[in-house]
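Tertiary structure, described
The residues making up each chain are set out below.
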Amino acid sequence: MLVRFRGIKFHVSNKFDNYTQRIIINFQISGQKLYLWRKNAIDNAIAAKVSVKEVDWLLQHISDLDSLSLRLESFKNRPKIFLQKSIEQITILWQKRLKEHLPVQYIVGRVSWRNFELDVSPSVLIPRPETELIIDIVQQTSCYSKSSHWVDLGTGSGAIALGLASLLPDATIHAVDYSEAALAIAKTNAIKTKLINQIQFYQGNWWTPLSHLKGKVQGMVSNPPYIPSSQLPQLQPEVFEHEPHLALDGGTDGLDAIRYLVKASPEYLISGGLWLIEAMAGQAAAVVAMLSQHKDYENIKIICDLGGIERFILAFRR
Ligand code: GLN
């Protein structure tokens, strides 16, 4: 069956096709009914102290409505709105958001990050907006030889690896993660964004699977786990109860992975090679101290995120 969706004709099938991003539209609802559902969901969100924007975020991903028509409520008089799930199923998902604190990104399995629409699941950390800047920092840092090797350690959804691949079209990106489930998501994202040919994926612990790249790497970029173990339970329940602790837990002082990355990276980086990580608010000075004590680094800098928090630490291999 053919269905028209945002002016485009789609074949409707029973399965979501991840690779062609074909949208499956099996359900319909009147604009009036959806308007009432949305109004009620917004009231529930306010009562549960959840951002009301999440209602539209969910609806945008599972209906043929865009954010503007939702915000202006211009869909109210449409006789038919197409949905990917029944309104009963959507109600159950919304209850999971409110009662079980399941992040809306995991509910719809998608997140926007830079210019990408990425798949996410509870096997990967939801890529954060502040991390988007890490790619701009690489861009502003200097010029690089064309066929360089770049590394994203702890790639998760693959976000940083994809950002590097699109910024550096002639480079090879090596993306490592300990979790096979995370790597499966990262590979899917690389296929969907058509960057798969530039990225090699490895299962393993940090630098361990990359021994063939010793002395050859132009840049190492990482968003490692950096939350001190004792602070994990104080994170929002959305994070603590649903996001992978492997991607969050940085050990007693939160700096275990960063300490390792300071120590292990010089062996892999070329002279002048870039070392760039994200850290938690309040950790930058300790990271700078670690790098400064290590004779192999120079030009060490702290860079703030858009909220003015000291978020990124940049250094170069001597
Ligand atoms: N930025 C994440 C948070 O605030 C933590 C990510 C990490 O540990 N690398 O929960």
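Structure: see above.
In this report, the structure presented in the accompanying data block is examined. Here the structure is a predicted model, which is why all the values come from computation and not from measurement. (Residues numbered from 1 in each chain as written. Predicted model: local features only at pLDDT ≥ 70, side-chain atom pairs only at ≥ 80, totals over all residues. Heavy atoms only, no water.)

A few points about the packing of aromatic side chains
Going through the model one piece at a time under the given rule, you end up with 3 aromatic pairs. Geometrically, the ring pair formed by Trp206 and Tyr260 is tilted, given 6.4 Å between the ring centres and 40° between the ring planes. One end of the pair, Trp206, is in the loop between β9 (199–203) and β10 (217–222); the other, Tyr260, is in helix α10 (residues 256–264), with 54 residues separating them in the sequence. Owing to a relative accessible area of 18%, Trp206 belongs among the buried residues under this scheme. For Tyr260, a relative accessible area of 29% puts it in the partly exposed group. Seen in terms of ring centroids, Trp207 and Tyr268 are 4.2 Å apart; in terms of plane orientation they differ by 15°. Their pairing is stacked. With Trp207 in the loop between β9 and β10 and Tyr268 in the loop between α10 and β11 (269–278), this residue pair connects regions lying 61 residues apart in the sequence. An identical accessibility class is assigned to Trp207 and Tyr268; each is buried. One cation-aromatic arrangement involves Lys76 over Tyr35; the distance from NZ or CZ to the ring centre is 4.4 Å. (Phe/Tyr/Trp six-rings, centres within 6.5 Å; stacked < 30°, edge-to-face > 60°. Helix = DSSP H or I, 4+ residues; strand = E, 2+ residues; numbered from the N terminus. Buried < 20%, exposed > 50% of the residue type's maximum accessible area, 1.4 Å probe, protein only. Lys NZ or Arg CZ within 6 Å of the ring centre and 35° of its normal.)

Things to note about the site of the ligand
Inspection of the region around the ligand gives Leu125, Arg128, Asn223, Pro224, Pro225, Tyr226, Ile227, Ala247, Leu248 and Glu278 as its neighbouring residues. The separation between a nitrogen atom of the ligand and a polar side-chain atom of Tyr226 is 2.9 Å. Here an oxygen atom of the ligand and a backbone polar atom of Ala247 are 3.3 Å apart. Within the complex, the protein chains bury 89% of what would otherwise be the 300 Å² of accessible surface of the ligand. (Near = heavy atom within 4 Å. Polar contact = N/O pair within 3.5 Å; in protein donor to acceptor, adjacent residues only side chain to side chain. Areas by Shrake-Rupley, 256 points an atom, 1.4 Å probe, with all protein chains shown as cover.)

With respect to the pairing of β11
Among the 10 residues of β11, 7 are classified as buried, and the element is accordingly described as predominantly covered. In terms of strand pairing, β11 meets strand β13 (residues 310–317) through 5 bridges, oriented antiparallel. When the sheet's bridge partners are listed, Glu278 is paired in β13 with Phe312. (Pairing = 2+ DSSP bridges.)

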